[in-house]
Structures are given as C-alpha cells and as structure tokens.
Amino acid sequence: FSFFFFNDTATTEIYTEQIVGSVRCVQETESRERKQISGTQPSGGSFVYSTPKKSRASSRDLDEEYENYLRSSQKKSPMKGHEEEELVKALTELISLDKEIESVKCDLALKVDFNLFDAFKIFDISSKGSINARELEEGLNFLSIYPSQKELYLLIRRYDKDFDGVLRYSDFCDMISPKTPEYSDILSNRTP
C-alpha cells in the first residue's frame with residue numbers, strides 16, 4: 001500500500017473526496033453503459049446483443065457534473081483553526097519521528113555484528129526471558145542512556161503486549177526490529 005501525507009488535513013480531505021468522486025463517477029458511467037446494453041435471453045440459451053443507444057450525456061457534461069460534485073462535497077473541519085494547526089503539526093512530527101526511528105532500525109539491521117539475542121542479554125542479565133523496568137534502566141545506563149522513570153514507563157507500556165509490566169524477548173524484538181520486511185528478515189534470521 002502507498003500512503004500520501006499532506007501538510008494539512010484540508011488538502012488530505014480534498015484529495016480523498018476527489019478519489020471517492022472519481023470512483024463514483026466511473027461507477028455511474030459503467031452503470032449507465034450496462035443499462036444501455038439491452039439483451040434478451042431466448043429459450044435457446046444464447047445471449048442476443050443489441051447496439052447500445054447513444055448516450056445523452058457528453059464527456060463535457062460528465063466533467064461539469066464531477067466538478068460540481070467536488071465543489072459541493074468539500075467538508076469543513078469541526079476543529080478551530082489553531083486546534084487543526086496543532087493537530088497537523090503533531091501528526092507531521094509523529095510521521096517524521098517514525099521515519100527517523102525506522103531508518104535507525106534499518107541501519108542497525110545491516111550491521112553484521114548485531115543480533116537481537118545478544119542485545120536482549122544486555123538487559124536480561126539473570127536470563128529469565130523478560131526485562132522489568134529496573135533491568136531496562138540498568139541496561140540503558142550501561143549503554144550511557146539515562147531515561148527518566150516516566151520515559152521507562154512509556155517505553156514498557158508501548159511494547160508490553162500482555163500488559164504485565166515486563167518486556168519479553170518477543171516484545172523486545174518488536175521494539176528493535178524494523179517494520180520494513182526486508183530489513184526485519186535480515187535481523188530475525190541472524191544468529192548469535
């Protein structure tokens with residue numbers, strides 16, 4: 001799938017409405033053409049085709065109809081101007097951060113001396129298969145990263161699938177592995 005992001009929600013809504021309008025226009029045209037084909041099914045089972053009648057609507061009429069549809073279907077945002085701007089700014093920043101994180105994860109996957117199991121062992125010193133907040137903090141401190149308690153809580157909360165307050169190996173892998181399948185496969189197939 002391909003996703004397009006625009007600088008404001010109004011542009012996104014306009015393009016979405018244009019796509020929906022285009023699909024409806026095509027569907028209506030196909031429906032009209034199907035109605036113009038009048039066929040009968042004789043008792044012999046063969047289909048008899050008759051030439052369709054000439055359409056009354058020209059392509060210019062359809063273009064005008066489509067333009068009128070686009071003008072009438074543009075929605076107004078229920079948000080106030082500054083609220084919408086803040087939402088757009090937050091979503092843009094979120095997209096940018098996600099791209100940056102994915103890029104770093106892909107770069108990490110390409111490092112031949114990196115594997116998920118050894119990385120997990122930095123945090124799971126007791127080899128019990130899970131990491132609690134204290135172990136996560138100690139492992140990050142070992143790597144010269146000093147998060148606040150709130151940041152640790154948010155990190156665990158984001159990746160802890162069963163909400164038991166600890167990160168299992170599978171949670172850790174989801175946290176570190178890239179979402180791009182090619183890079184994720186490289187990393188998951190690498191042995192310690």
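All values reported here derive from a predicted model rather than from experimental measurement.

About the cut-offs
- Residues numbered from 1 in each chain as written.
- Predicted model: local features only at pLDDT ≥ 70, side-chain atom pairs only at ≥ 80, totals over all residues.
- Heavy atoms only, no water.
- Core = buried A, V, L, I, M, F, W, Y, C linked by side-chain atoms within 4.5 Å.
- Buried < 20%, exposed > 50% of the residue type's maximum accessible area, 1.4 Å probe, protein only.
- Helix = DSSP H or I, 4+ residues; strand = E, 2+ residues; numbered from the N terminus.
- Contact = heavy atoms within 4.5 Å.
- Axes fitted to C-alpha atoms, helices over the stretch in contact; angles between N-to-C directions.
- Parallel < 35°, antiparallel > 145°, perpendicular 65-115°, else oblique.
- Left-handed = near helix turned anticlockwise from the far one by under 90°.
- Phe/Tyr/Trp six-rings, centres within 6.5 Å; stacked < 30°, edge-to-face > 60°.
- pLDDT = per-residue confidence, 0-100.

Quick notes on the nonpolar core
Consideration 1: In terms of nonpolar packing, the biggest core is built from 18 residues, with Ile131, Leu136, Leu167 and Phe172 touching the most fellow members.
Consideration 2: Where this core is concerned, the elements lending two or more residues are helix 4 (116-123), helix 5 (133-142), helix 6 (149-159) and helix 7 (169-176).
Consideration 3: Residues contacting isoleucine 131, with those up to four places away along its chain left out, are Phe120, Phe123, Asp124, Leu136, Gly165, Val166, Leu167 and Phe172.

Notes on the packing of helix 4 against helix 7
Consideration 1: For the pair helix 4 and helix 7, the least separation of the axes is 10 Å and the interaxial angle reads 115 degrees. Accordingly, the angle class assigned to the pair helix 4 and helix 7 is roughly perpendicular. Crossing of helix 4 against helix 7: the hand is right-handed. Seen from helix 4, the contacting residues are Leu116, Phe117, Ala119, Phe120 and Phe123; seen from helix 7, they are Tyr169, Phe172, Cys173 and Ile176.

Digging into the packing of aromatic side chains
Consideration 1: A complete count under the given rule lists 4 aromatic pairs for this structure.
Consideration 2: Ring centres of phenylalanine 123 and phenylalanine 172 lie 5.7 Å apart, and the angle between their planes is 55 degrees; this geometry places the pair in the tilted category. Of this pair, phenylalanine 123 sits in helix 4 while phenylalanine 172 sits in helix 7, and the two are 49 residues apart along the sequence. Exposure class is identical for phenylalanine 123 and phenylalanine 172. Each is buried.
Consideration 3: Following the ring pairs from residue to residue traces out a cluster consisting of Phe117, Phe120, Phe123, Tyr169 and Phe172.

Topic: the confidence of the model for the chain
Consideration 1: Residues with a pLDDT of 70 or more make up 62% of the chain, whose mean pLDDT is 78.
Consideration 2: A low-confidence stretch, residues 1-8 (pLDDT under 50), is modelled with 6 contacts involving residues beyond four sequence positions or located in other chains.
Consideration 3: Note on residues 37-42: pLDDT under 50 across the span, and 11 contacts to partners over four residues away in sequence or across chains.

A few points about unusual backbone geometry
Consideration 1: Of note, the phi angle at serine 127 is positive, near 55 degrees, even though the residue is not glycine.
Consideration 2: Within the element layout of this structure, serine 127 appears in the loop between helix 4 and strand 3 (130-131).
Consideration 3: With relative accessibility at 60%, the residue serine 127 sits in the exposed group.
Consideration 4: Here the phi dihedral of serine 144 falls at roughly 65 degrees; this positive angle occurs in a residue that is not glycine.
Consideration 5: The residue serine 144 is located in the loop between helix 5 and helix 6 in this model.

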